[in-house]
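# Residue-level structural notes
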Amino acid sequence: MKAVRLSNPASLDNLAVVDIDKPSPQAGQILVKARASSLNFHDYLVVTGGLPVDDGRIPMSDVAGEVVEVGAGVREFTVGDTVIGTFFPTWLSGEPTLAQTWGCIPGDSMDGYAAEFVCGAETSFTHAPAGYTMEEAATLPCAAVTAWRALFAEGELRPGETVLVQGTGGVSIFALQLAKAAGATVIATSSSDEKLDRVKAMGADHLINYKTTPEWGKAAAALCPRGGVDHIIEVGGPGTMTQSIAAARVGGHISLIGVLTGMAGEIPTAAMMMHQLKVKGITVGTREHQQQLVRALDNTGIKPVIDSSFGLDEIADAFRHQASQKHFGKICLSY
Ligand SMILES: NC(=O)c1ccc[n+]([C@@H]2O[C@H](COP(=O)([O-])OP(=O)(O)OC[C@H]3O[C@@H](n4cnc5c(N)ncnc54)[C@H](OP(=O)(O)O)[C@@H]3O)[C@@H](O)[C@H]2O)c1
């Protein structure tokens, strides 16, 4: 079967389609004909050397496909089901342990899903939402589960509250869609006025161009009846955190998710304290969060926004497109 391998030193030029043996399912496992994956910033870091991985790693943490074989004792799935992988194959529910969230991420610390067939414990997959295409389903395990956990599991978002989403990448567009479906007011930021027009059409209530309004935190707070934003989807990291703190209401909640501006930086801790903020670092979520998300998508009819799609042998071009930041929503691989 065809798979993509990344050889060291990691770079987009060192991604190659190779032939490898097809896996076969053991007891408790399912064999999936992978049909699509989607790009996350995390995958980009892997394939460009930002996160060191073993030589020959198969990249990609997202997958959607069809079950083609089940091992002995499999209960939840049957041949023909459409399934999606989970970001943390062994973190099923409850509080995380290091063993469940470190050293076991597909496409990073273990082989991922850029392959024609993938095999794993049935508990490392969930059903996909009904009626989703394979590409739509493949967008969910990393970006959408993160947005779901940030807003509902951690934020306990209520109708009428305000959510701020940063930029128009995968996590932020899902957060916008989920927050609007839950009756929230959404403030969306972007570097592009054209992209702001698109989020407006999707229901964003307030728009801020973070390039032309560098003090966007103050501008966002001024839009809120409670003096600041209730929930912030913080995907920028050190370069945006100061503005997020300025945007938040007293007692507000910041979901610390992303590293788009770097891995470390200076944070005004006194301002965080004075705003009595709840800041929670999160990495994706559990299988149970994914199942909750799938139920919510079944009920709301939300469909992922897919920017573009590439073949498995075009994976480097897909990542080049992601690096250009011209995309809006998710970039997919289809195979
Ligand atoms: N902790 C977790 O569980 C978790 C899960 C998923 C993702 N993440 C992280 O979250 C971040 C976003 O991931 P993603 O997959 O959604 O990325 P993505 O799809 O590649 O998003 C890129 C978009 O982010 C926006 N952006 C870039 N720099 C920005 C800045 N300084 N301020 C505001 N927006 C900015 C841009 O939107 P515009 O073009 O509109 O400006 C850009 O198009 C990444 O750092 C990723 O590693 C973390």
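As recorded by an unreviewed UniProt entry, the chain carries the name NAD(P)-dependent alcohol dehydrogenase and is attributed to Spectribacter hydrogenoxidans.

### Quick look at the domain arrangement of the chain
Per the domain assignment, the segments making up the chain are domain 1 (2-139 + 304-334) and domain 2 (144-281). Placing a centre on the C-alpha atoms of domain 1 and another on those of domain 2 gives a separation of 28 Å. Facing the 12 residues of domain 1 at the interface are 15 residues of domain 2. Where domain 1 abuts domain 2, roughly 1,100 Å² becomes buried across the two surfaces, and 68% of that area is made up of carbon and sulfur atoms. Counting the surface domain 1 buries against domain 2, the share from its top three residues, F41, V305 and F328, is 46%. At the surface where domain 1 touches domain 2, the tally comes to 0 salt bridges. Counting the contacts that link domain 1 with domain 2 gives 3 residue pairs in polar contact (both at pLDDT 80 or more). Tallied by class, residues from the side of domain 1 that touches domain 2 come to 6 nonpolar, 4 polar and 2 charged.

### Details of the site of the ligand
For the ligand, the set of nearby residues contains 27 residues, the closest of which are T168, S190, Y210, I282 and V284. Between the ligand and G170 there is a distance of 3.0 Å, counted from an oxygen atom to a backbone nitrogen or oxygen. At a separation of 3.1 Å, an oxygen atom of the ligand approaches a polar side-chain atom of H327. Isolated, the ligand exposes 920 Å² of accessible area, and the fraction of that covered by the protein chains is 92%. When grouped by side-chain class, the residues that make up the shell around the ligand number 10 nonpolar, 16 polar and 1 charged. Two domains share the shell around the ligand, each providing at least three of its residues, namely domain 1 (2-139 + 304-334) and domain 2 (144-281).

### Describing helix α11 (residues 315-324)
Restricting attention to buried positions, one finds in α11 the residues I315, A316, A318, F319 and Q322. For α11, the arc enclosing every buried residue in end-on projection is 155 degrees, short of the 170-degree limit, so these residues lie on one face. Residues of α11 that are buried in the fold lie against β1 (2-6), β2 (15-19), α1 (41-47), β14 (306-311) and β15 (330-334).

### What about the packing of helix α4 (residues 140-154) against helix α10 (residues 287-300)?
A pair of packed helices is characterised by two quantities: the angle between their axes and the separation of those axes. Between α4 and α10, whose axes approach to 9 Å, the crossing angle comes to 90 degrees. If you check the angle between α4 and α10, you find them roughly perpendicular. Within the contact between the two elements, α4 uses L140, P141, A144, V145, W148, R149 and A153 and α10 uses H289, Q290, Q292, L293, A296 and L297.

### Some thoughts on the pairing of strand β4 (residues 64-70)
Relative to β4, strand β3 (residues 29-38) is paired through 6 bridges, and the arrangement is antiparallel. Paired with L31 across the strands is E69, a residue of β4. In the sheet, β4 pairs with strand β5 (residues 82-85) via 3 bridges, with the strands oriented antiparallel. Each bridged residue has a counterpart across the sheet, and for G65 the counterpart in β5 is V83.

The rules we used
Residues numbered from 1 in each chain as written. Predicted model: local features only at pLDDT ≥ 70, side-chain atom pairs only at ≥ 80, totals over all residues. Heavy atoms only, no water. Domains from an automatic or database assignment. Contact = heavy atoms within 4.5 Å. Buried area = accessible area lost by both parts, 1.4 Å probe. Salt bridge = Lys/Arg side-chain N within 4 Å of Asp/Glu carboxyl O. Polar contact = N/O pair within 3.5 Å; in protein donor to acceptor, adjacent residues only side chain to side chain. Nonpolar A, V, L, I, M, F, W, Y, C, P; charged D, E, K, R; others polar. Near = heavy atom within 4 Å. Areas by Shrake-Rupley, 256 points an atom, 1.4 Å probe, with all protein chains shown as cover. Buried < 20%, exposed > 50% of the residue type's maximum accessible area, 1.4 Å probe, protein only. Helix = DSSP H or I, 4+ residues; strand = E, 2+ residues; numbered from the N terminus. Arc of directions from axis to C-beta. Axes fitted to C-alpha atoms, helices over the stretch in contact; angles between N-to-C directions. Parallel < 35°, antiparallel > 145°, perpendicular 65-115°, else oblique. Pairing = 2+ DSSP bridges.

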